[in-house]
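# Summary of the model geometry
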Amino acid sequence: MSQKTLKYSSDKMSNKLIWVDGRDTGKNDEKSIADEEKEFTEGQKVENRKSVTYRIPDDPEDRGGWGNKLDFLMSCISLSVGLGNVWRFPYLCYKNGGGSFLVTYSIAMVVCGIPLFFQEVAIGQYLGSGGMTFVGHLCPILKGVGFATMTIVFLLDVYYCVIIAWTLFYIISTFATMPELPWQDCDNWWNTKDCFTSKTNISLFNGTKKSSSVEEFFDYKVLGISGGLEEVGGLQWNLFVCLCLGWLMVYFILRKGLHQSGKIIWFAALFPYVILLIMLVRAITLDGASDGLYYYITPRWETLLTPGPWIDSASQIFFAYSIGCGALPALGSYNKFHHNSYKDAMITCIVNTFTSVLAGLVTFSILGHLAREQNVDVGDVVKSGPGLVFLTYPEVVLKLPGAPFWAVTFFFMLLLLGVDSAFCLVESFITGLVDNWSTVLRPHRQTFTAFICLIMFLLGIPMVTHGGMYVFQLMDYYSASGMSLLWVCFFQTMAISWTFGVEKLCDCIEQMMGHRPSWFWRFCWKYCAPTVIAVIFVEQCMEYTQLRYGDYNYPLWANILGLGISFSSMLWVPVYAIYYVFTEPNSVIENFKAGIIPIIKQRKISICDRTTGQMITQSKVGLITPSVSLVQTEKMEV
């Protein structure tokens, strides 16, 4: 099948997008376009003198891979619902004053999160293209967005597995000390004289700074935390072994495929809710839980005038919804052309937000209980940071009968969420590279996968030292959230909504789903989302503050290093645009004009390996490995 590219044909009545064979670009344009239009037009929508002409391939091997509508939905939920909801949302909410963060989060969800989630899935479904290349199809001059996305995903992968290492440490420690829990008392070598438990008489501390046994276990046993980034120290060997185990799990899952059974997808998607609901029932019955819940839902209006809650809420929406990470277009590309992904996008976003809110209810109920025990304000009970979930959930576990069982169950849930998300993120990065350089990397895919996992593991080693938490937060703050993610999402949105055009995008969606998006979606895509992203980005740059962890202020050199990490992804966009206009054969102005004209390849074909049930990309690399039940193998050939 010949490869098609997109050309424009203008007349008095329409501005049409027409499939043209690349071999005919040097022929007479009018004849070529007329022949291609006659051959490839299968239904076109003409409205306001604009139309999109598109031919769905006659070949039965059209790139539809999900055999059941619910399979795509559950895969989206499995991808988007992860540690970002249970681990990251509560600590950002606590950092930004509870209810204030909920206000900004809700606004960002309505005007940015849900519209951009649906936009990515829909454009992936239309183009049959993954996350690294689809922006380059719509706006060639902005192909650097794809490289920036891969850089962000790479940096995210490096530190994401450290959370898995922490979780494995808790699981192993729980088994090692059964029937007791290692954080339930203050009689261990890592505890300080200021340690207390729920059984301790707080009045004996005479106003000194108090720390719970759970907090001291995490700080001094798990992390072995030092005084600052300047004191990185040696390795925490227990964590180092757990990091090795975590990367071995990710690598072997990449080789074998996590989703070998449709039942695993359902289990991975539903199991966390069972555990969270059990935790919630116990947490809200704790003494002082109402104080924490009040702090959680009450906005502090003065904080809304600062950029912090707005920046963190927008970055959390993109982080939790996996926007700008390249995975959503890839999942959408395996839908049948006429699949109604609008409903799936709405359900996934609602479920994602519900999960975050549920995790927040559990966390703040426990924080209220801890505040009552320590006789302090909820906002001062623990230091806000990435380890918040490891300070709150182990506390509520102590209040449950059969505490070791519930501890193992909870941390197994975290492990499941972490491995599932890490697998998808690492696979997204590897597949993006192999798709772009398929002839070089395709024959050595397994070796390349092992090499990438090894590199990511080595780069993660500084985060399992005594100063590892400071390195971890530096990576989390600068590499895959905040400025860099907002930057990438802004240019991606501009490429789709302005360069390609909202009306053409609506034409595409109408062809696929039979209905045209309402004015609300068009308004959000064209104006709200880019404006909100741009304003928050500029505000963050203008009111930039140096990073803190608890009472520790990061030194200037560390913040400069962090900005360098951010720029390592952001620079791809302008650097590639400059490269494009100066290296293409025509003049700079002509190259710029050509760079904003879509060059869309015909919707790719989905290929399925009959023996493994693995759907593979154009580069013969498995992005998602569903069970055989998810794939219409009778309609697909290897």
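Values in this document were obtained by computation on a predicted structure and should not be read as measured data.

## Quick word on the overall build of the protein chain
- From N to C terminus, the protein chain includes 23 helices and 10 strands.
- Taken over 638 residues, the protein chain has a buried fraction of 62%.
- When contacts within the protein chain are restricted to residue pairs at least 6 apart in sequence, long-range pairs at least 24 apart make up 80% of them.
- Within the structure as shown, the protein chain displays about 24,900 Å² of accessible surface, and the carbon and sulfur contribution to it stands at 63%.

## A look at the side chain of glutamine 119
- Its location among the elements puts glutamine 119 in helix α4 (residues 99-127).
- Judged by its relative accessible area of 1%, glutamine 119 is buried.

## Observations regarding the environment of serine 333
- For serine 333, the position within the fold is in helix α12 (residues 327-333).
- Residue serine 333 is classed as buried on the basis of its relative accessible area, which comes to 1%.
- Each C-alpha atom, one on serine 333 and one on leucine 127, is 6.9 Å from the other, the two residues being 206 residues apart in sequence.

## Regarding unusual backbone geometry
- Residues methionine 178 and proline 179 are joined by a peptide bond in cis, for which omega reads 5 degrees.
- With respect to the helices and strands, proline 179 occurs in the loop between α6 (144-177) and β5 (195-196).

## Remarks on the state of the cysteines
- Applying the stated rule across the entire model yields one disulfide.
- The disulfide partner of cysteine 186 is cysteine 195, and the S-S distance across this bridge is 2.0 Å. Residues cysteine 186 and cysteine 195 are joined through a disulfide that is left-handed, its torsion about the S-S bond being -70 degrees.
- Of the residues examined, cysteine 186 reaches a relative accessible area of 22% and is grouped as partly exposed.
- Overall, the relative accessible area of 7% leaves cysteine 195 in the buried class.
- Free cysteine: cysteine 244, not disulfide-bonded; nearest cysteine sulfur from cysteine 242 at 9.1 Å.

Conventions we followed
- Residues numbered from 1 in each chain as written.
- Predicted model: local features only at pLDDT ≥ 70, side-chain atom pairs only at ≥ 80, totals over all residues.
- Heavy atoms only, no water.
- Helix = DSSP H or I, 4+ residues; strand = E, 2+ residues; numbered from the N terminus.
- Buried < 20%, exposed > 50% of the residue type's maximum accessible area, 1.4 Å probe, protein only.
- Contact = heavy atoms within 4.5 Å.
- Areas by Shrake-Rupley, 256 points an atom, 1.4 Å probe, with all protein chains shown as cover.
- Disulfide = S-S within 2.5 Å.

The analysis is restricted to geometry; functional conclusions fall outside its scope.
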